[in-house]
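# Inside the fold
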Protein chains: 2
Amino acid sequence: MTPSARGDLFDPACPTRRLLDRIGTKWTSMTVKILAEAAPDEVRFANLRRRIPGVSQKMLSVTLQSLVRDGLVTRRVEDTVPPRVHYRLTALGTSLESALAVLRTWAEEHMAEVDEANQKSER
Amino acid sequence: MTPSARGDLFDPACPTRRLLDRIGTKWTSMTVKILAEAAPDEVRFANLRRRIPGVSQKMLSVTLQSLVRDGLVTRRVEDTVPPRVHYRLTALGTSLESALAVLRTWAEEHMAEVDEANQKSER
DNA sequence: CGGAATCCCAATCGATACTG
DNA sequence: CAGTATCGATTGGGATTCCG
């Protein structure tokens with residue numbers, strides 16, 4: 001875990017890589033997107049799960065915990081039985097969504113070209 | 001190959017995830033950034049390696065191959081002994097860099113807040 | 001010089017089962 | 001309902017060695 005080696009002097013200075021480590025995990029960008037679409041409303045766990053095709057209960061839980069720890073999402077528990085848990089983007093999370101939207105646009109406009117390049121390489 | 005497998009019906013429609021799978025790999029964004037700064041000039045392998053602290057020979061090689069396959073980077077070999085290999089961003093790669101720059105700006109402006117949120121959670 | 005091949009470890013992720 | 005715990009398969013990526 002901790003790079004005990006003192007050789008690692010440059011890494012901590014690169015915020016971009018650390019950001020990509022977070023939003024690059026499989027379900028993060030989709031989760032942020034859905035929360036952004038709902039904002040400023042909250043979204044319940046089960047609702048979120050339904051809207052993210054293929055996500056497992058565990059991975060959604062892990063993803064949300066990570067987003068909460070990073071200050072991008074708030075978590076609110078209704079103390080009922082059974083409990084209801086509501087998630088919502090913070091202001092910080094909303095600002096990240098704006099940046100992510102740019103990436104999404106690029107992907108929608110250009111990933112076809114990337115695929116085309118790959119097909120040409122395969123032969 | 002077509003994944004005619006039944007379960008996989010939703011994935012191909014999500015270009016954003018596929019993009020993040022690529023640029024999310026450890027050395028890709030740094031590589032693109034350096035090539036973008038040098039553009040329209042080419043950059044040699046060893047030069048690139050020097051400018052990316054911590055990257056191994058293998059990982060830089062793998063990263064570049066991937067970028068070339070995706071049509072984001074060109075590779076030019078000077079047929080000398082020893083050979084010289086030059087890399088440069090394509091137009092597609094340059095357009096991706098523009099999108100990445102937005103993410104970089106967000107990271108530089110806001111990752112400190114993310115770190116702060118993490119420290120509060122730790123206690 | 002710029003790789004390719006191999007080995008190996010660590011992290012990611014999915015499936016399943018259990019809990020308050 | 002919304003998690004937590006555990007296991008195993010897969011993948012990313014580092015170190016090392018060899019090659020044209």
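Calculation rules
- By convention here, each chain's residues receive numbers from 1 onward along its written sequence.
- Whichever chain is written first becomes A and whichever ligand is written first becomes 1, with later ones labelled in order.
- Residues qualify for local features only when their pLDDT is at least 70, as the model is predicted, and side-chain atom pairs are given and counted only at 80 or more; totals for whole chains, interfaces and linings, by contrast, use all residues.
- To get the side-chain values, all heavy atoms of the structure are used, and hydrogens and water are removed first.
- Two distance rules govern patches: like charges are joined within 9 Å, and nonpolar side chains (Val, Leu, Ile, Met, Phe, Trp, Tyr) within 5 Å, applied only to residues with over 30% relative accessible area and no salt bridge.
- Shrake-Rupley sampling with a 1.4 Å probe provides the accessible areas, and residues are treated as covered by the protein chains on show and by no other component.
- We define a salt bridge as a contact between a side-chain nitrogen of Lys or Arg and a carboxyl oxygen of Asp or Glu at a distance within 4 Å.
- A residue counts as positive if it is Lys or Arg and as negative if it is Asp or Glu; His and the chain ends are not included.
- Every charge is mapped onto a representative atom, which is NZ of Lys, CZ of Arg, CG of Asp or CD of Glu.
- Working definition: helices are DSSP H or I runs of at least four residues, strands are E runs of at least two. Numbering for both runs from the N terminus.
- Classification of residues uses two cut-offs on accessible area relative to the type maximum, computed with a 1.4 Å probe and protein chains only: under 20% is buried, over 50% is exposed, and between them is partly exposed.
- Throughout, near means a residue has at least one heavy atom within 4 Å of the molecule or strand.
- Side-chain classes follow a simple rule in which Ala, Val, Leu, Ile, Met, Phe, Trp, Tyr, Cys and Pro form the nonpolar group, Asp, Glu, Lys and Arg form the charged group, and the remainder, Gly included, forms the polar group.
- It only takes one pair of heavy atoms within 4.5 Å for two residues to be counted as in contact.
- When two parts are put together, the accessible area they lose, computed with a 1.4 Å probe and summed over both, is reported as buried area.
- Polar contacts, as used here, are pairs of N or O atoms within 3.5 Å; protein pairs need one atom able to donate a hydrogen and one able to accept it. Residues neighboring in sequence count only if both atoms are side-chain atoms.
- Least-squares superposition aligns the copies on the C-alpha atoms of those residues with pLDDT at or above 70 in both.

Attention shifts here to a positive patch on the surface. Residue and element names in this part refer to chain A. Among the surface-exposed residues, Arg44, Arg50, Arg51 and Arg84 lie close enough to one another that they form a single positively charged patch. Within the secondary structure layout, Arg50 lies in helix H3 (residues 45-51). Judged by relative accessible area, Arg50 falls into the exposed class, the value being 63%.

Moving on: the protein's contact with DNA strand D. The immediate surroundings of DNA strand D are formed by 19 residues, with A:Gln65, A:Arg75, A:Tyr87, B:Lys26 and B:Lys58 found nearest. In DNA strand D, atoms within 4 Å of the protein come from the sugar-phosphate backbone in 62% of cases. The set of elements that each furnish at least two residues to the surface near DNA strand D consists of H3, helix H4 (57-69) and strand E3 (84-89) of chain A together with helix H4 (57-69) of chain B. If you tally residues by element for the surface near DNA strand D, the top one is H4(A), at 4 residues. In the surface near DNA strand D, the residues fall into 9 nonpolar, 4 polar and 6 charged.

Residue and element names in this part refer to chain A. Under the criterion given, the structure shown has 9 salt bridges over all chains. Between Glu97 and Arg104 there is a salt bridge whose closest N-O contact spans 3.0 Å. Take Glu97: its relative accessible area is 14%, and that puts it in the buried class. Residue Glu116 pairs with Lys120 through a salt bridge whose shortest N-O separation is 4.0 Å. Within this pair, Glu116 and its partner Lys120 are both found in helix H5 (residues 91-122), separated by 4 residues, close to a single helical turn.

With 38 residues of chain B at the interface, the matching set in chain A holds 38 residues. Contact with chain A buries area across many residues of chain B, yet B:Arg17, B:Leu103 and B:Trp106 alone supply 18% of it, more than any other trio. In this assembly, chain B and chain A are joined by 2 salt bridges. A salt bridge links A:Asp115 to B:Arg18; the nearest nitrogen and oxygen atoms lie 2.9 Å apart. Across the contact surface, chain B and chain A share 9 residue pairs in polar contact (both at pLDDT 80 or more). In terms of residue count, the dominant contributor to the side of chain B that touches chain A is helix H5 (residues 91-122) of chain B (19 residues). For the side of chain B that touches chain A, the residue count by class is 21 nonpolar, 7 polar and 10 charged.

Next up on the list: the relation of the copies chain B and chain A. The operation relating chain B to chain A is a screw motion whose rotation component is 180°, with 0.0 Å of axial translation and a residual RMSD of 0.1 Å. Given the turn and translation reported, the copies of this chain are related as if by a two-fold rotation axis. Closest approach to the rotation axis within chain B is made by the C-alpha atom of B:Gly24, at a distance of 2.5 Å. A high fraction, 100%, of the interface residues of chain B reappear at the interface in chain A, so the copies pair face to face through one surface.

As far as function goes, none of this settles anything; it's purely spatial.
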